[in-house]
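Report on the structure
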Amino acid sequence: MEIMMGQGRLAIEKIVDPESFKENTIGESSFEDNEVGPGAVVGTAQIGDQDCTIIASDAMAMNERFPVVYAGIIGLEEGYKMAMAVYKTIEADKEKKGTEKRPILLIVDTPGNGPGKQEEIFGMNKSTGAYQLALAEARKAGHPIVAMVIGRAISGAFLCHGLQADRILSLSSKFETMIHVMPLTSVSVITKLDIERLEELSKTNPVFAAGPDFFYQLGGVEELVEEVDGMRSCILKHIAEIREMKAAGEEARLGPWGRGALGEQRGGRMIRGKVMAMMDKQFFAFAEQNLY
Amino acid sequence: MAKWTELQDKSFLEATARERAVGIVDEGTFTEFCGPFDKIYSPHLPLMGEAIEYDDGLVAGVGKIGKKPIFVISQEGRFIGGSIGEVSGAKMVKTIQLASDLYEEMVSEKPDLPEEMRPAVVISFETGGVRLHEANAGLLAHAEVMDQIQNCRGRVPIISLIGSRVGCFGGMGFVAAATDVIIMSQFGRLGLTGPEVIEQEMGKDEFDASDRALVYRTTGGKHKYIIGDCNYLAADSIRSFRETTTAVLQKPMEEIETFRRIGSMEKIKEQIELVKLSVSLKPKDSMDVWAHAGNENPESLINMTLDEFLAQAKRLKA
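On a predicted model such as this, the values are computed, not experimentally measured, just so you know.

Points about the packing of helix 2 (residues 76-92) of chain A against helix 4 (residues 124-141) of chain A
Residues and elements named next belong to chain A. Two numbers describe how helix 2 lies on helix 4: the axes approach to 8 Å, and their chain directions differ by 20 degrees. In this view, helix 2 runs roughly parallel relative to helix 4, as classed from their interaxial angle. Along this stretch, helix 2 crosses helix 4, giving a crossing that reads as left-handed. Taken together, the residues of helix 4 that come into contact with helix 2 (itself represented by Leu-76, Gly-79, Tyr-80, Met-82, Ala-83, Val-86, Tyr-87 and Ile-90) are Met-124, Lys-126, Ser-127, Thr-128, Ala-130, Tyr-131, Leu-133, Ala-134, Leu-135, Glu-137 and Ala-138.

As structure tokens, this is what we get:
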């Protein structure tokens with residue numbers, strides 16, 4: 001079994017057209033200072049017959065200015081670099097029609113956001129928050145965004161680097177992929193339930209347990225990929241589907257909102273829809289009386 | 001619950017989420033959605049032997065400030081730390097979406113919709129982010145909230161209020177950063193990683209989570225005001241938060257957009273300059289940044305009253 005965790009750069013090679021990846025270049029623009037944000041890998045590759053922006057983490061890189069950044073952690077510099085890669089992508093295609101915008105591929109293998117004092121003083125929440133807004137803007141502008149989980153997709157780091165995509169794919173659990181907020185051991189401490197009990201509960205309720213299968217049931221992952229060599233074709237298939245759906249005005253079936261409906265369809269998130277339907281009804285009654 | 005007039009002088013810090021929600025809009029205008037009488041609660045908590053609340057720790061509804069419909073989200077820190085699960089997450093997402101949809105409807109009926117009628121969203125944060133008992137659903141809800149915030153950009157202003165005991169951390173720290181305007185009190189805290197986790201990662205010598213003064217200096221309202229992460233510092237009363245919110249909402253949408261920290265390439269370039277400052281300054285303490293901003297005696301700012309602080313504190317220009 002070929003484990004991809006920690007090998008973001010190798011994953012890029014396995015997915016894109018041979019030797020097509022140009023790091024630090026997006027459209028006409030290059031990244032002025034290549035040393036900034038070494039934990040983030042950004043650039044342009046060809047996939048099929050199209051330019052594609054690639055954003056990944058480099059688990060081997062250390063950021064000597066920010067010691068909390070290693071092993072794929074997204075730090076202050078990395079978050080802004082990733083956000084900048086998205087804005088440069090939007091800029092590069094701003095003259096193109098919505099249906100012709102280049103895709104963005106997120107290769108996901110990150111254990112977290114930078115957790116330090118300096119990070120809090122300067123506002124780490126802004127850095128990766130900025131990246132999420134940029135991805136949401138690109139998605140709404142028409143760029144197909146696919147996230148491919150190859151290793152770790154953990155909590156806030158997955159929120160920034162993955163969960164704003166149109167579609168999320170993950171290598172299946174046999175590749176030791178990890179998708180969670182906290183491991184079951186930590187959930188056990190918080191809930192004061194032992195691991196055996198939690199494992200039992202997770203068989204019928206995917207809402208807290210760690211792993212790609214549970215996210216699949218909740219609609220948080222669209223498709224599980226069973227072969228490393230299958231990633232490329234699966235990504236290409238989803239890019240084509242996303243393009244078709246956006247062209248047909250079916251954006252509501254994509255992205256975080258689309259995954260909400262998918263979660264219900266797969267029986268994973270059953271109360272979300274009920275809450276929203278009730279609020280719709282209550283707001284309509286309120287609006288009738290008060291707003292018109 | 002106390003009358004609206006009595007709520008106004010109540011401490012924002014001490015108030016409940018529902019008191020904040022009712023008091024932040026005009027008197028008698030608040031209508032709650034999915035409230036306690038609807039008995040919509042988390043189906044996941046009982047499985048874990050955890051108590052439930054019929055509002056799932058989040059008050060959602062709509063009221064008015066002047067002619068504006070104000071969509072209110074108010075988190076309750078007394079219930080599992082204000083954490084976001086499937087139900088509270090769905091309430092938050094839907095409230096923002098209702099505001100966005102109403103704006104769309106109003107503009108389609110009246111293309112030159114006057115500013116004084118433009119809907120807005122007000123979020124009172126009191127949360128550490130995802131609720132671990134239903135962590136996966138909570139995380140997915142966070143992504144939906146961000147998606148809705150981007151939908152509101154340039155159309156429906158979103159104002160964050162942070163003045164609660166729990167503060168605003170974890171995934172909700174991203175959410176607050178992504179809103180248009182942030183109003184804090186000096187008791188509010190905003191960040192990503194909570195103090196205990198920083199201590200765990202860096203060691204007690206670097207960051208002592210039991211040192212409350214240090215914790216407040218690092219993520220508290222005064223620091224966030226100096227560094228520019230919060231736009232206004234309010235006094236610790238519901239009245240002060242309401243009056244500040246009302247004043248902000250008098251401004252046209254284009255001006256409100258200028259209050260943002262992130263959300264465009266230009267804004268990010270400014271933030272990258274701030275990161276460079278962080279590299280050159282290597283602050284051991286927030287006070288190093290305050291001194292850099294031109295506050296000659298940074299320590300004196302810590303115990304100043306709000307009025308003294310606002311009169312004297314110099315803010316950072318990146």
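Here the narrative resumes, following the displayed structure.
A word on empty space enclosed by the protein
Tallied over the full model, the rule gives two cavities of 30 Å³ or more. Its volume calculated, the largest cavity comes out at about 40 Å³. Elements with a contribution of two residues or more to the lining of the largest cavity: helix 3 (86-109) and helix 4 (135-152) of chain B. With four residues, helix 3 of chain B is the single largest residue contributor to the lining of the largest cavity. Among the residues forming the lining of the largest cavity, the class breakdown is four nonpolar, one polar and four charged. In terms of lining, the second largest cavity is formed by Glu-120 of chain A together with Phe-169, Arg-189, Thr-193, Pro-195, Ile-198, Phe-207, Val-215, Thr-218 and Thr-219 of chain B. The set of elements that each furnish at least two residues to the lining of the second largest cavity consists of helix 6 (195-202) and helix 7 (212-219) of chain B. Counted by class, the lining of the second largest cavity contains five nonpolar, three polar and two charged residues.

Concerning the sheet that holds strand 2 (residues 58-65) of chain B
Consider a sheet: its strands pair through backbone hydrogen bonds, and that pairing is either parallel or antiparallel. Residues and elements named next belong to chain B. Read across the sheet, seven strands follow the order 1-2-3-4-5-6-7 without closing on themselves; strand pairing throughout is mixed. Two strands in the sheet have a free side with no partner beyond their single neighbour: strand 1 (31-33) and strand 7 (232-234). Along the sheet, successive strands turn relative to each other by an average axial angle of 25 degrees, direction set aside. Where strand 2 meets strand 3 (residues 68-75), eight bridges bridge the pair, whose relative direction is antiparallel.

Notes on unusual backbone geometry
One non-glycine residue with positive phi stands out, namely Glu-176 of chain A, at about 60 degrees. Structurally, the position occupied by Glu-176 of chain A is in the loop between strand 8 (167-171) and strand 9 (178-180).

What about the packing of helix 10 (residues 255-265) of chain A against helix 4 of chain B?
Two elements in contact, helix 10 of chain A and helix 4 of chain B, have axes whose closest approach is 8 Å; the angle formed by their N-to-C orientations is 135 degrees. The angle between the axes of helix 10 of chain A and helix 4 of chain B places the two elements in the oblique class. Judged by the twist between their axes, the crossing of helix 10 of chain A over helix 4 of chain B is left-handed. In this structure, helix 10 of chain A uses Pro-256, Trp-257 and Gly-260 of chain A to contact helix 4 of chain B, whose residues at the interface are Ala-143, Glu-144, Asp-147 and Gln-148 of chain B. In terms of residue class, the contact of helix 10 of chain A with helix 4 of chain B is built from three nonpolar, two polar and two charged.

Focus: the interface of chain B and chain A
Taken together, the contacts link 87 residues of chain B with 74 residues of chain A. The contact between chain B and chain A buries some 7,100 Å² in all, and 72% of this surface belongs to carbon and sulfur atoms. Taken together, chain B and chain A are joined by six salt bridges. A salt bridge links Lys-140 of chain A to Asp-147 of chain B, with the shortest nitrogen-to-oxygen separation between them at 2.6 Å. Inspection of the chain B/chain A interface yields 30 residue pairs in polar contact (both at pLDDT 80 or more). Of the residues forming the side of chain B that touches chain A, the biggest block, 14 residues, is contributed by helix 4 of chain B.

Thoughts on the UniProt feature "domain: CoA carboxyltransferase N-terminal" in chain B
Sequence positions flagged by UniProt for "domain: CoA carboxyltransferase N-terminal" are, in local numbering, residues 2-257 of chain B. Helix makes up 40% of residues 2-257 of chain B and strand 14%. Its end C-alpha atoms lie 35 Å apart.

Re the layout of surface pockets
In this structure, the largest pocket encloses a volume near 1,300 Å³. Considering the residues around the largest pocket, the lining is formed by 43 residues, among which Ser-155 and Met-182 of chain A together with Leu-192, Thr-193 and Val-197 of chain B are closest to the centre. Counting only elements with at least two residues in the lining of the largest pocket, the list comes to strand 7 (145-154), helix 5 (155-160) and strand 9 of chain A together with helix 5 (171-178) and helix 6 of chain B. Per-element tally for the lining of the largest pocket: the top contributor is helix 6 of chain B, with five residues. Looking at side-chain class alone, the lining of the largest pocket contains 21 nonpolar, 16 polar and six charged residues. There is about 460 Å³ of room inside the second largest pocket. Along its surface, the second largest pocket is lined by 19 residues, and Ile-227, Gly-228, Glu-270, Leu-316 and Lys-317 of chain B are the ones closest to its centre.

Thoughts on a negative patch on the surface
Judged by side-chain charge, Glu-32, Asp-33, Glu-35 and Glu-64 of chain A come together as a negatively charged surface patch. By the secondary structure assignment, Glu-35 of chain A is in the loop between strand 3 (29-30) and strand 4 (40-47).

Brief notes about the nonpolar core
Counting 124 residues, the largest nonpolar core has Leu-106 and Phe-158 of chain A together with Met-92 of chain B as its most contacted members. It is helix 3 of chain B that provides the largest number of residues to this core, a total of ten residues. Among residues more than four places away in sequence, those in contact with Phe-158 of chain A are Val-108, Val-149, Ala-153, Leu-163, Ile-168, Ile-179 and Phe-215 of chain A together with Leu-139 of chain B.

Considerations on the pattern of salt bridges
When the charged atoms of two side chains with opposite charge come close together, those side chains can pair. Residues and elements named next belong to chain A. One pass over the structure, following the stated rule, counts 44 salt bridges over all chains. Note that Glu-23 is salt-bridged to Arg-9, the shortest N-O span being 2.8 Å. Of this pair, Glu-23 sits in strand 1 (residues 22-23) while Arg-9 sits in helix 1 (residues 8-15), placing them 14 residues apart in sequence. With a relative accessible area of 29%, Glu-23 lands in the partly exposed category. Classification of Arg-9 by relative accessible area gives partly exposed; the value is 34%. One network of salt bridges, in which partners are shared, links Arg-9, Glu-23 and Asp-58.

So, how was this worked out
- Along every chain, residues carry numbers that run from 1 in the direction the sequence is written.
- Throughout, the order in which chains and ligands are written sets their labels, letters from A for the former and numbers from 1 for the latter.
- At least 70 in pLDDT is required for a residue's local features to be given in this predicted model, at least 80 for side-chain atom pairs to be given and counted, and no such filter applies to totals for whole chains, interfaces and linings, which use all residues.
- By convention in this description, side-chain values take in all heavy atoms of the structure and omit both hydrogens and water.
- Convention adopted: a line fitted to C-alpha atoms gives each axis, helices being fitted over their contacting stretch, and angles between N-to-C directions are expressed from 0 to 180 degrees.
- Numbering goes from the N terminus for both helices and strands, where a helix is a DSSP run of H or I of at least four residues and a strand is a run of E of at least two.
- Roughly parallel here means an angle under 35 degrees, roughly antiparallel means over 145, roughly perpendicular means 65 to 115, and every remaining angle is called oblique.
- Each helix crossing is assigned a hand: it is left-handed if the near helix lies turned anticlockwise from the far helix by less than a right angle, otherwise right-handed if that turn is clockwise.
- Residues are treated as being in contact if the distance between any of their heavy atoms lies within 4.5 Å.
- Only protein atoms enter the calculation, which uses a 1 Å grid: trapped sets of points that fit a 1.4 Å probe without letting it out are cavities, open sets showing protein on both sides within 12 Å along at least five of seven lines are pockets, and any residue with an atom within 4 Å of a point is a lining residue.
- Grid points are joined across faces, edges and corners, and a volume is the space filled by probe spheres set on the points.
- Side-chain classes are defined by residue name, with Ala, Val, Leu, Ile, Met, Phe, Trp, Tyr, Cys and Pro counting as nonpolar, Asp, Glu, Lys and Arg as charged, and the others, Gly among them, as polar.
- Here, strands pair whenever DSSP counts at least two bridges between them.
- The term buried area means the drop in 1.4 Å probe accessible area that two parts suffer when joined, counted for both and summed.
- Salt bridges are defined by distance alone: a side-chain nitrogen of Lys or Arg within 4 Å of a carboxyl oxygen of Asp or Glu.
- A 3.5 Å cut-off defines polar contacts: any pair of N or O atoms within that distance qualifies, except that in protein one atom must be a possible hydrogen donor and the other a possible acceptor, and neighbouring residues in sequence count only when both atoms are side-chain atoms.
- UniProt positions are given in the numbering used here, feature names are shortened, and annotations may be inferred rather than shown by experiment.
- To count toward a patch, a residue needs a relative accessible area above 30% and no salt bridge. Like charges then connect within 9 Å, nonpolar side chains (Val, Leu, Ile, Met, Phe, Trp, Tyr) within 5 Å.
- Using the Shrake-Rupley algorithm and a 1.4 Å probe, accessible areas are obtained, with residue cover drawn only from the displayed protein chains.
- Neither His nor the chain ends contribute to the count of charged residues, in which Lys and Arg are positive and Asp and Glu negative.
- Taken as the charge centre is NZ of Lys, CZ of Arg, CG of Asp or CD of Glu, depending on the residue.
- Joining through side-chain atoms within 4.5 Å is the link that ties buried Ala, Val, Leu, Ile, Met, Phe, Trp, Tyr and Cys residues into a set, and such a set is a nonpolar core.
- Burial classification: accessible surface area is computed with a 1.4 Å probe over protein chains only, and a residue below 20% of its type maximum counts as buried, one above 50% as exposed, and the rest as partly exposed.

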